[in-house]
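Structural overview for review
Take a look at the letters that make up each chain.
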Amino acid sequence: MLKQNKENRIRRVFDFLHRNIIIIIIIVVVLAGAVSTVTIVRGDHKTEKEEEPQVTTVSTVYLAMDRVSTLNPLISQDSDTYYIAQLLYSSLFRLDKTLNVEKDLVDTYTTDPSAGTVSIKLKEARFSDGSDFTAYDVQYTVSRIQAAGEDSPYYSYAEKIESVSVTGNRKLTITFEDAGDAALDNLVFPIVSRNDYSTDSDRVTGSGKYCISSYNSEEVLKLKPNKYYYGDQAENKIEIRVVEDKDRVLGLMTMDAVTAYVSREQDADVQAEDKNLSVTKISSCELEYLGFNFENKHLAKKEVRQAVALSINTESLIKDDYGGAAVQSDSIYFPGFLGTENTGDAYAIDVKGASDLLKQAGYRDSNEDGILEDENQKEVSLTILTNKSRADTAASITDGLKEIGINAKVKSLSWDAYGEAIQEGEYDIYIGGYKLDKKCDLRMMLNKSKSTGYDNDDAFDYAKQLETCLSAGEQKAVFEKLKPILNEDLPYYCLCYKTYAFITVERFRSEEIPTFFDTFRGADTWEWDKLVIEDEEEEGNDTE
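Residues numbered from 1 in each chain as written. Predicted model: local features only at pLDDT ≥ 70, side-chain atom pairs only at ≥ 80, totals over all residues. Heavy atoms only, no water.

**Brief notes about the overall build of the protein chain**
- Counting its secondary structure elements, the protein chain contains 15 helices and 20 strands.
- Of all 544 residues assigned to the protein chain, the portion counted as buried reaches 49%.
- Counted over contacts in the protein chain with a minimum sequence separation of 6, partners at least 24 positions apart contribute 70%.
- For the protein chain, the exposed surface amounts to about 26,700 Å²; the carbon and sulfur share of it is 47%. (Helix = DSSP H or I, 4+ residues; strand = E, 2+ residues; numbered from the N terminus. Buried < 20%, exposed > 50% of the residue type's maximum accessible area, 1.4 Å probe, protein only. Contact = heavy atoms within 4.5 Å. Areas by Shrake-Rupley, 256 points an atom, 1.4 Å probe, with all protein chains shown as cover.)

**Overview of the layout of surface pockets**
- Here the largest pocket defines a volume of roughly 540 Å³.
- Taken together, 31 residues form the lining of the largest pocket, with Gln 86, Tyr 89, Arg 94, Asp 104 and Asp 518 sitting closest to its centre.
- Looking at the lining of the largest pocket, the elements that each hand over two or more residues are helix 3 (79-88), strand 3 (93-95) and strand 4 (101-103).
- Ranked by residues supplied to the lining of the largest pocket, first place goes to helix 3 with 4 residues.
- Grouping the constituent residues of the lining of the largest pocket by class yields 15 nonpolar, 5 polar and 11 charged.
- In terms of lining residues, the second largest pocket is bounded by 17 residues, among which Tyr 289, Ile 422, Gln 423, Tyr 430 and Met 444 are the most central.
- For the lining of the second largest pocket, the secondary structure elements donating two or more residues are helix 12 (415-423), strand 17 (429-435) and helix 13 (443-446). (1 Å grid on protein atoms, 1.4 Å probe; cavity = no way out; pocket = protein on both sides within 12 Å on 5 of 7 lines; lining within 4 Å. Points joined across faces, edges and corners; volume = space filled by probe spheres on them. Nonpolar A, V, L, I, M, F, W, Y, C, P; charged D, E, K, R; others polar.)

**Comments concerning the sheet that holds strand 7 (residues 161-168)**
- Taken in spatial order, the 4 strands of this open sheet run 5-6-8-7, and their pairing is antiparallel. Since the sheet does not close on itself, it has two edges, and those belong to strand 5 (106-112) and strand 7, each with one partner. Strand after strand, the sheet turns through a mean of 20° between neighbouring axes, direction not considered.
- Where strand 6 (residues 117-122) meets strand 8 (residues 171-176), 5 bridges bridge the pair, whose relative direction is antiparallel. The partner of Ser 119 across the bridge, within strand 8, is Thr 173. (Pairing = 2+ DSSP bridges. Axes fitted to C-alpha atoms, helices over the stretch in contact; angles between N-to-C directions.)

**Looking at the sheet that holds strand 19 (residues 508-509)**
- Spatially, 1-20-19 is the arrangement adopted by the 3 strands of the open sheet, whose pairing is antiparallel. Single-partner strands in this sheet number two, and they are strand 1 (55-58) and strand 19.
- Taken together, the 4 bridges between strand 1 and strand 20 (residues 527-531) define a ladder with antiparallel strand orientation. Following the sheet pairing, Val 58 is matched in strand 20 by Trp 528.

**Let's talk about the packing of aromatic side chains**
- Across all of its chains, the model carries 22 aromatic pairs by this definition.
- Ring centres of Tyr 140 and Tyr 197 lie 6.0 Å apart, and the angle between their planes is 75°; this geometry places the pair in the edge-to-face category. Highlighted residues: Tyr 140 in helix 4 (residues 135-148) and Tyr 197 in the loop between strand 8 and strand 9 (210-216), separated in sequence by 57 residues.
- Taking relative accessible area as the criterion, Tyr 140 reaches 23% and is therefore assigned partly exposed.
- When the centroid spacing of 6.4 Å and the interplanar angle of 85° are considered together, the rings of Tyr 347 and Tyr 493 count as edge-to-face. Here the residue Tyr 347 occupies a position in the loop between strand 14 (326-327) and helix 10 (351-360), and Tyr 493 occupies one in strand 18 (residues 492-504), the gap between them amounting to 146 residues.
- Clustering of aromatic rings is evident, with ring pairs tying together Tyr 289, Tyr 427, Tyr 430 and Tyr 492. (Phe/Tyr/Trp six-rings, centres within 6.5 Å; stacked < 30°, edge-to-face > 60°.)

**Some points on the side chain of Arg 305**
- In this structure, Arg 305 sits in helix 8 (residues 302-310).
- Although Arg 305 is buried, it makes no salt bridge; Asp 489 carries the closest opposite charge, 5.3 Å away.
- Here the side chain of Arg 305 touches Asp 489 through a polar contact of 2.7 Å, landing on its backbone oxygen.
- Residues in contact with Arg 305, not counting those within four places in the same chain, are Phe 292, Phe 294, Leu 299, Ala 300, Asp 489 and Leu 490. (Lys, Arg positive; Asp, Glu negative; His and termini not counted. Salt bridge = Lys/Arg side-chain N within 4 Å of Asp/Glu carboxyl O. Polar contact = N/O pair within 3.5 Å; in protein donor to acceptor, adjacent residues only side chain to side chain.)

**Re a negative patch on the surface**
- A cluster of acidic residues, Glu 150, Asp 151, Glu 159, Glu 162, Glu 177 and Asp 178, forms a negative patch at the surface.
- Within the fold, Asp 151 resides in the loop between helix 4 and helix 5 (155-158). (Patch = residues over 30% accessible without salt bridge, like charges linked within 9 Å, V, L, I, M, F, W, Y side chains within 5 Å. Charge placed at Lys NZ, Arg CZ, Asp CG, Glu CD.)

**What to know about empty space enclosed by the protein**
- Throughout the structure, instances matching the rule amount to 3 cavities of 30 Å³ or more.
- Taken as a whole, the largest cavity spans an internal volume of roughly 100 Å³.
- Together, 13 residues line the largest cavity, and Asp 330, Ser 331, Ile 332, Asn 487 and Tyr 492 are the ones closest to its centre.
- Within the residue set of the lining of the largest cavity, elements represented by two or more residues are helix 15 (472-489) and strand 18.
- The dominant element in the lining of the largest cavity, judged by the number of residues it contributes, is strand 18, at 3 residues.
- Considered class by class, the residues forming the lining of the largest cavity number 8 nonpolar, 3 polar and 2 charged.
- Glu 265, Gln 266, Ala 268, Asp 269, Val 279, Lys 281, Gly 324, Ala 325, Thr 499, Tyr 500 and Ala 501 together form the lining of the second largest cavity.
- Secondary-structure elements contributing two or more residues to the lining of the second largest cavity are helix 7 (268-274), strand 13 (278-292) and strand 18.
- When residues of the lining of the second largest cavity are assigned to their parent elements, the largest contribution, 3 residues, is made by strand 18.

**Some details on the packing of helix 8 against helix 10**
- Relative orientation of the contacting elements helix 8 and helix 10 amounts to 165°, with a least axis distance of 8 Å. As summarised for this structure, helix 8 and helix 10 are arranged roughly antiparallel, according to the angle between their axes. Between helix 8 and helix 10 the crossing geometry is left-handed. Where helix 8 abuts helix 10, its residues Glu 303, Val 304, Gln 306, Ala 307 and Leu 310 lie against Val 351, Gly 353, Ala 354, Leu 357, Leu 358 and Gln 360.
- Here the residues of the contact of helix 8 with helix 10 sort into 7 nonpolar, 3 polar and 1 charged. (Parallel < 35°, antiparallel > 145°, perpendicular 65-115°, else oblique. Left-handed = near helix turned anticlockwise from the far one by under 90°.)

**As for the confidence of the model for the protein chain**
- With 88% of its residues at a pLDDT of 70 or more, the protein chain has an overall mean of 89.
- Scored below 50 in pLDDT, residues 1-11 makes 0 contacts in the model with residues more than four places away or belonging to other chains.
- Of the regions scoring below 50 in pLDDT, residues 536-544 engages in 22 contacts with residues more than four places distant in sequence or in other chains. (pLDDT = per-residue confidence, 0-100.)

**Some thoughts on the pattern of salt bridges**
- According to the stated counting rule, one finds 25 salt bridges in the structure shown.
- Between Asp 330 and Lys 483 there is a salt bridge, with the nearest N and O atoms lying 2.8 Å from each other. Here Lys 483 lies in helix 15 and Asp 330 lies in the loop between strand 14 and helix 10, a separation of 153 residues in the sequence. Like Asp 330, the residue Lys 483 is buried in the burial classification.

Here's what the structure looks like:
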């Protein structure tokens, strides 16, 4: 009897399943989906938690340097020593990011531009060994640079100084040999201690934000904050590692062995991005420009020079011929020079505007063959002089000129022949490059010579004034008068300024970035985060 009841129950269960099979399948599918969703969501949360990087802010900044002959700033010709010196030494004045002067060791000063003198009262400051900084140290430093002559990277500045007269422990007067060379940006050389200086020593005492902690010329230079520094104390320690091959630096950055690096390579941004490094462009001192020959009957007309400029697409040039490693500038002077606004290309491409200017200058396409003729019915033809490294740029420019009816051809010469042709004025237009000093002194380009034939007394006078002992505000005011003259006359047209790449690790923060003349600028406040690996301790925390 029991067995029959059991069989009946089983039969009834099967009958129920058979009648409701579709409903049961739907319920099973829904429940399975719900369970899967919960599992996936829980899994995602777990994955996100596991993949979220654990980082720690590192108090040491790692940099790279070549092996140098000496760290003595007054006699070293090594570029890395030049940049490191700006961490270790103070100067009377320094340059800001727009190349304008600002006080460093100077407390107050007065100038006499006509006499070429600068009278200075110094700040109360100490060297990194605790000794007092005095006017005698300035006098001594100038004498050491002048004695070193061309062996010193600062000789071109100090050679212009006739005398340094000490009138008190913190007072002095600097007299320049020529009032026309008495610019304050000549007084940006590092000041050393007269009581602790030797041409044979790497440990030259300075008064900058940092001092040397230890140095192995084959491996690493360690810097620590100078506790006697008169300004804001540095927040980081710095280790500058000797790298025999700078091509290895980006690889070292991926391992957090180098924190930041300024590269001058044109494709540096591409290489950096391939390695997941961050890149910021900084304007270099390398100007690319067109020079016009004022002896050419066409180019003697400013309307023609302006039309040539309007035919050129500098944005495309930068992208196609300079690999994107350049910026537009509204002047041949450094972009944003002395704190003025850089509005980009002063002659942004405008084919119609160029054509209108040429008509205004008397040119017509009478036979409608696409080439303009002058008043004598002769075709307008110009030759663009270049060297082989700028051949692509020249080709792009000729294409633009043909768009406005000017028949242009390229003449490409070897470097020596190219230079000679420019000096002799044997060109119509030339594509030039100029690597400027941080003083940005362009008097040579604006002085009348047979190489261009440009002659504007006002322009040259303003350029000369920029090299006298004017204050920062006075310099800016003078440049604001010069700039529109150059843009109107257009003796030269700025194609672009090349850029360098400031490459950093991915988790990097900075209040200040480097300049082309100070590649470690701001390193005292840079912050970066390092991935935490279990049982790993931060390197470089030893105190010496």
